[in-house]
Amino acid sequence: MRLPLNENLFFRAGQYIDILLPDGVRRSYSIAVPPDPVSLTHIELHIRHHPGGRFTEQVFSELATRQMLRFEGPYGAFFLREATGKPVILLAGGTGFAPVKAIVEYALQRGSAREFHIYWGGRRRRDLYLADLPYKWAEDHPNVHFVPVLSEPGMDCDWTGRTGWVHQAVVDDFPDLSGYEVYACGAPAMVNAAREDFTGTCGLPPAAFHADAFLTQAETAA
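Residues numbered from 1 in each chain as written. Predicted model: local features only at pLDDT ≥ 70, side-chain atom pairs only at ≥ 80, totals over all residues. Heavy atoms only, no water.

- By the naming in an unreviewed UniProt entry, the protein chain goes by CDP-6-deoxy-delta-3,4-glucoseen reductase and is assigned to Paraburkholderia hospita.

Here's what the structure looks like:
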């Protein structure tokens, strides 16, 4: 979903906004485009349809073009620390790819030579809804690498790639993360498992783990 801007929005690649619903309820979504104070005319959000969801049901069945939405932000500390120069692991689950997209596009626009290793996980192939994009980054930029991972590929997926938990794929490929930075975005269970295994098993300094974990409406109610 693209939201036009009627004034400049100053944010860092990877941060999020809160959509404000009429009853005061908030829904948080990461901005999926990098900042550009000169030419940015809209922000992009990646929204997964949760049947019965207070906001997503509206987006997929009721929201009209040019309908007014209120939001606040930007928020969050999920943005690239440029000063370190360390190679980066970008870990995404589902629509957690949105801030990863913004971070990578921002880095590529600035000509960054840092190594970026993108791990994107989903249950089925359709959950990797923009997979052609990171494949293209990896094809065009030797410092960008992309590993898609499916946890429950079905026969309809025609999948020959990596399977299992996406954070475990990182552990398998990088048993020593002491010299890396990690940026993780997705469901709290994935983010928490990654934090525990990366810092406890792979030697990642806790301060080098950066994360945003978002709850669905069902998880919030629980």
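From this point on, the discussion continues.
## Side note on the pattern of salt bridges
Part 1 of the argument: Applying the stated criterion across every chain, the model contains eleven salt bridges.
Part 2 of the argument: Here Glu152 ties to Arg123 by a salt bridge, and the two come within 3.0 Å at their closest N and O atoms. Pair noted here: Glu152 is in the loop between strand 8 (144–150) and strand 9 (162–163) and Arg123 is in the loop between strand 7 (116–122) and helix 3 (132–140), with a separation of 29 residues, a long-range link.
Part 3 of the argument: In this structure Arg123 comes out as partly exposed when scored by relative accessible area, which is 47%.
Part 4 of the argument: A single network of salt bridges, built from pairs that share partners, joins Arg2, Glu44, Lys101 and Glu105. (Salt bridge = Lys/Arg side-chain N within 4 Å of Asp/Glu carboxyl O. Helix = DSSP H or I, 4+ residues; strand = E, 2+ residues; numbered from the N terminus. Buried < 20%, exposed > 50% of the residue type's maximum accessible area, 1.4 Å probe, protein only.)

## Re unusual backbone geometry
Part 1 of the argument: A cis amide bond links Gly73 with the next residue in sequence, Pro74, at an omega value of 5 degrees.
Part 2 of the argument: Among the structural elements, Pro74 can be located in strand 5 (residues 70–75).
Part 3 of the argument: Despite not being glycine, Asp158 has its phi angle at roughly 50 degrees, a positive value.
Part 4 of the argument: Considering the arrangement of structural elements, one finds Asp158 in the loop between strand 8 and strand 9.

## A short note on the packing of aromatic side chains
Part 1 of the argument: Across all of its chains, the model carries ten aromatic pairs by this definition.
Part 2 of the argument: Taking the centre distance of 4.0 Å and the plane angle of 10 degrees together, the rings of Phe97 and Trp120 count as stacked. Remark: Trp120 occurs in strand 7 and Phe97 occurs in helix 2 (residues 97–109); sequence separation between them is 23 residues.
Part 3 of the argument: Residue classification places Trp120 among the buried positions, given a relative accessible area of 0%.
Part 4 of the argument: In this structure an aromatic cluster arises from ring pairing among Phe97, Trp120, Tyr129 and Trp137.
Part 5 of the argument: Directly above the aromatic system of Phe79 lies the positively charged group of Arg12, at a separation of 4.2 Å from the ring centroid. (Phe/Tyr/Trp six-rings, centres within 6.5 Å; stacked < 30°, edge-to-face > 60°. Lys NZ or Arg CZ within 6 Å of the ring centre and 35° of its normal.)

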